[in-house]
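Examining the three-dimensional arrangement
This is what each chain is made of:
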Amino acid sequence: MKLGLPISLLGHSAAVAAGVIILPQAMRDYEPAVFIPAELVREAEIADFSDVRAAAEEPEPEPEPEETPEPEPEPEPEPAPPPPPPPPPEPEPEPEPEPAPPPPEPKPKPEPEPEPEPEPPPPPPPPPENDFLASLDNLAALRDTSRDAERREVRRAPEIGANRRAVGVGEEFRLTVRDAINSHFLTSGCWNPPLGAPNPETLNVDVEFRLKRDGTLDGAPKVLGGTASSSNQFLVIAAEEARRAVIRCEPYDFLPPARYEDWREMTFSFDPRAVLGR
Amino acid sequence: MSRLFAALLGLIAIAAAGFAPAAAQLRIDITAATQKPLPIAIPDFLGAGAQEERIGADLATVIANNLTRSGLFGPVDQSAFIERIQDIDVQPRFQDWRLVGADALLVGGVDIDDQGRLNVAFRLWDLTVQQQLVGLRIQTTPDNWRRVAHQVSDAIYERLTGETGYFDTRIVFIAESGPKTNRLKRLAIMDQDGANPSFLTDGPHLVLTPRFSPTNQQITFLSYGSGQPQVYLFNIETGRREVLGDFPGITFAPRFNPAGTGVIFTLEEDGNSDIWTMDLRTRQRQQLTRDPAIDTSPTYEPNGRRITFNSDRGGEPHIYVMNANGSNAQRISFGRGRYSTPVWSPRGDLIAFTKSIRQTFYIGVMRPDGTGERILTDGYFVEGPTWSPNGRVLMFTKETRGQQSRSEIISIDLTGFNERRVPTPGDGSDPAWSPLLD
C-alpha cells in the first residue's frame, strides 16, 4: 500500500514529462524548413535603416537669422530665438468630436467561449495548471506562426460559435479585450495625455494598427482622421501621445492567440473625456 | 423564372455563408490614462573646448531642472545612459535610449566662435516614433547662457505639450530679511527658477505689490518712500523711478493694462476706496467705481475688455467683474468665505483668487462667470496668486505659523499638483510673473 503512492506519482510525472517533451516534438515534424524568430528580423531592419540614413541624410537644423548682440550697456543682449516657421497646416476643419462611447454594458455572465485570463506578460507565460492545450498555445505563441494555421484547422471542427465568426466579432469578446487592454495600459502607464489641455472634447484620437501573432506591432501605428496635422496644436499633441502610447504598450501578448484573426487589426480610440469623466 | 429565382437565392445563400468578413476591425476605447512625467534624456551639450564643455554641462543642468520643476517631465539619470553622443548631426541609437527608459532625447552642441559669440544648436528626438521633433540654433554672448537654457526649455515644452513655455521669464518680488520686529523689505527680481536674484531698491522704505508691464521692462509698485504710500513706476533697465501721479489720497494695488499703456489702481480718499485708471501717455485719469464700499485689487482680462476686482459692497469681500469702462459690475463669487486678490489668467479662461474661511486661507480658480470654483491649495496663510504667461502655473506667498514664521514663494500647477518652493535669498513674498522675455 505504501508503495502505491510514490509509484503512482512517478508514473504520472513520467507521463506528463513525456507529454511535454514528446508531443511538441511530434508536432515539430510539421515545421517548415525556415524559421526566423520575429525579434531578430526587426533588429536587423532597424540597424540597416539607420545606417543608411546616417550616411545619406544630414538632417539640418533650421538656420535662423543671426542677430548681432547690441553694443549698448543692456544687461542682456537678446539671444535670437528662432522658432522655425512650421509648414502651414492645411486648412483642415477640425475633426468632429466623436460621439461619446456607449456606456459599457454589464458583462454577460456565462461565456460560451472561455477566454484565457489577461495576465501581465512574462516571457514565457507559465502554462495554466490544468489546461494542456492552452499551455501549448502559449508556447506556440513564441514560436513561428505557420503552425498555428494547422492547429486552427484541427480545432475548428469542434469549435462552437462558428456561426458567430461569420458575422464578425461579438460584443462580449470586444469588451473582454477592451478590459484586458485597459488594464494593461493602466499597469504599464503607457498613455499619459496632458490633463490640463483646454477643450478636452476636441481631443479624441483614433489610432489604427496591426499586430503580429506575438503581440508586437506589424508596421507603424497610424493616426486616423488627419489629426496629426490639425491646426489645433493640442490635438496634434494628443495625436502624437496616442501614437506613442500604442508603441509604448507593446507587446500585446496577453491576447488569446486562438482568436488572432479578431485582434490582428485594431483601432484604439483615445478620448480624454472618458478619463476625466467630463 | 422560378429557376432563376432559386439560383439567385442560392447565390445569396452562398455569399452570406462564405463571405465571412475579414474580422470586423476591433475598436477599443482606451480610458486608462496615467499622469506620468515624460521621461526625457538630456546628456550634457557637446563642446570642443573646456569653456564650451562647462557651458554644455550647465545648460543640461538648467534645462533638466526647468523641465523637472514643471512636473511634466522626468529627466533620466545621466549615469544610466548607454550611448555617448559624439555628434548631434548623426542619428542617435534609438534603442539604446529607449532601453534606459526615455521617450525623448535632447542633444545639443555649444560653440564659441572667433568673435566670441556663443552658438548653441540642439535637436529634440521622439524615441518611440524615431523622428526629430525640433532642431534649432541660438546665438548670444557667453554670459547669457542661462537665457539660452530657458529658451531651449521653452522649445521642448512647447513641442511636447502644445502650450507656450514659461521658462524664459522673471519674477519680481519682495525680498524680506531681518527680525520680524524690524523687517527689511526690498524690491527684488530673479529668473523664474530662482537664479540671478538682484535687488532693485535699497530698502529704507516699505515696498509692496510689484507688478510687471506686459510690454516692456517696467514695473509698477507701491512704496512708502515719500511718507504717504504712492504708486511708482520703475524701469528695470535704466533704474529710473517716478511717482505715478499726484493724487489727493493714497494709491495702491497698481497694475498695468494689457497694452502696457496705462495703469489701473485703487485710490483711497477719506476712507473710501475706488478704482481708477491712468493713461501713461496723456496722464489722463478716469474713475471706474463710485460707491461707498471698498473696491480694490483690479486686474484686466487679457483682451482688455473687462476688469475683475474685489469689493465688499455686498457686505463681505467678494469678486466682481465689470466692463473696462466701469459699467455693469457683476458679482461672480458666491461661496462661503472672504474672496480677494482676483487675477485673470493670461489664457483668459480662469480667474485665480485668495479665499479665507475663519483661520484658513486658500488659493483657488474659477471661471470668469463664477462657475467651476476649484481650490488648489490651503494653508495657515497663503495669498496673492500670480499667473505664468501661459496660464498653466501659479505662484503665491505662503507664510508659516508661529514665532519663527517665514514667508516663501510657492509655485503650483493649475491642476493642483506639483507644489514647490521657489528659492529666494532670504524670505520672499508678493511675487509677480513677467511675460516671456520677448
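Scroll up to find the structure this text is about.
A brief look at the structure comes next. (Residues numbered from 1 in each chain as written. Chains lettered and ligands numbered in written order. Predicted model: local features only at pLDDT ≥ 70, side-chain atom pairs only at ≥ 80, totals over all residues. Heavy atoms only, no water.)

Topic: the overall build of chain A
The helix and strand tally for chain A stands at nine helices and three strands. For chain A, long-range pairs separated by at least 24 residues make up 73% of all intrachain contacts whose partners lie at least 6 apart in sequence. Just so you have it, chain A exposes about 17,200 Å², and 61% of that area is on carbon and sulfur atoms. (Helix = DSSP H or I, 4+ residues; strand = E, 2+ residues; numbered from the N terminus. Contact = heavy atoms within 4.5 Å. Areas by Shrake-Rupley, 256 points an atom, 1.4 Å probe, with all protein chains shown as cover.)

Things to note about helix 4 (residues 145-161) of chain B
Residues and elements named next belong to chain B. In a regular helix each residue adds 1.5 Å, so 17 residues correspond to 24 Å; helix 4 covers 24 Å between its end C-alpha atoms and thus fits that length. Within helix 4, 14 of the 17 residues are buried, which leaves the element mostly enclosed by the surrounding structure. Following helix 4 by one or two positions, Gly162 adopts a phi angle in the positive range, close to 85°. (Expected span 1.5 Å × (residues − 1). Buried < 20%, exposed > 50% of the residue type's maximum accessible area, 1.4 Å probe, protein only.)

Here we look at the pairing of strand 24 (residues 351-357) of chain B
Residue and element names in this part refer to chain B. In terms of residue burial, strand 24 counts as a mostly covered element, since seven of its seven residues are buried. Burial of strand 24 is two-sided: the residues Ile351, Phe353, Lys355 and Ile357 facing one way and the residues Ala352, Thr354 and Ser356 facing the other way are all buried. If you look at the hairpin formed by strand 23 (residues 338-344) and strand 24, you'll find six residues sitting between the two strands, and Gly348 has a positive phi there, around 80°. Note that strand 24 and strand 25 (residues 360-366) share seven bridges and pair antiparallel. Across the sheet, Thr354 pairs through a bridge with Ile363, a residue of strand 25. Between strand 24 and the antiparallel strand that follows it, strand 25, lie two residues; Arg358 among them carries a positive phi value of about 50°. (Pairing = 2+ DSSP bridges.)

Remarks on the pattern of salt bridges
Under the defined criterion, the tally for this structure stands at 36 salt bridges over all chains. Its salt-bridge partner being Glu240 of chain A, residue Arg159 of chain B comes within 2.8 Å of it at the nearest N-O pair. Of this pair, Arg159 of chain B sits in helix 4 while Glu240 of chain A sits in helix 7 (residues 233-248), which puts the two residues in different chains. Judged by its relative accessible area of 24%, Arg159 of chain B is partly exposed. The network of salt bridges with shared partners includes Glu240, Glu241, Arg244 and Arg248 of chain A together with Asp103, Asp126 and Arg159 of chain B. (Salt bridge = Lys/Arg side-chain N within 4 Å of Asp/Glu carboxyl O.)

So, the state of the cysteines
Residues and elements named next belong to chain A. Scanning the model with the defined rule gives one disulfide over all chains in all. Each disulfide pairs two cysteine sulfurs, and for Cys190 the partner residue is Cys249, the sulfurs being separated by 2.0 Å. Between Cys190 and Cys249 the disulfide shows an S-S torsion of about 80°. By sign, it is right-handed. With Cys190 in the loop between helix 6 (171-188) and strand 1 (205-210) and Cys249 in the loop between helix 7 and helix 8 (260-263), this residue pair connects regions lying 59 residues apart in the sequence. Both residues of the pair, Cys190 and Cys249, count as buried. (Disulfide = S-S within 2.5 Å.)

Examining the side chain of Thr201 of chain B
Residues and elements named next belong to chain B. When you line up the elements, Thr201 lands in the loop between strand 10 (198-199) and strand 11 (207-212). At a separation of 3.0 Å, a polar atom in the side chain of Thr201 contacts the main-chain amide nitrogen of Leu187. If we skip the residues at most four places from it in the chain, Thr201 touches Arg186, Leu187, Val207 and Arg241. (Polar contact = N/O pair within 3.5 Å; in protein donor to acceptor, adjacent residues only side chain to side chain.)

A short note on the sheet that holds strand 1 (residues 26-30) of chain B
Here we have four strands laid out as an open sheet, ordered 2(A)-1(A)-3(A)-1(B), and mixed in their pairing. The open sheet has two edge strands, strand 2 (222-223) of chain A together with strand 1 of chain B, and neither has a second partner. Two elements, strand 3 (residues 265-270) of chain A and strand 1 of chain B, share five bridges in a ladder whose sense is parallel. By the bridge assignment for strand 1 of chain B, Ser269 of chain A is matched with Asp29 of chain B.

Some remarks on helix 2 (residues 50-69) of chain B
With 20 residues, helix 2 of chain B extends 29 Å between its outermost C-alpha atoms, agreeing within 8% with the 28 Å of an ideal straight helix rising 1.5 Å per residue. The complete set of buried residues in helix 2 of chain B reads Glu52, Ile55, Gly56, Leu59, Ala60, Val62, Ile63, Ala64, Asn66, Leu67 and Arg69 of chain B.

As for the sheet that holds strand 21 (residues 318-323) of chain B
Residue and element names in this part refer to chain B. Strand order across the open sheet formed by four strands is 19-20-21-22, with antiparallel pairing between neighbours. A strand with exactly one partner marks an edge of an open sheet, and here the two such strands are strand 19 (295-300) and strand 22 (330-331). Where strand 19 meets strand 20 (residues 306-311), four bridges bridge the pair, whose relative direction is antiparallel. Within the sheet, the bridge partner assigned to Tyr300 lies in strand 20 and is Ile307.

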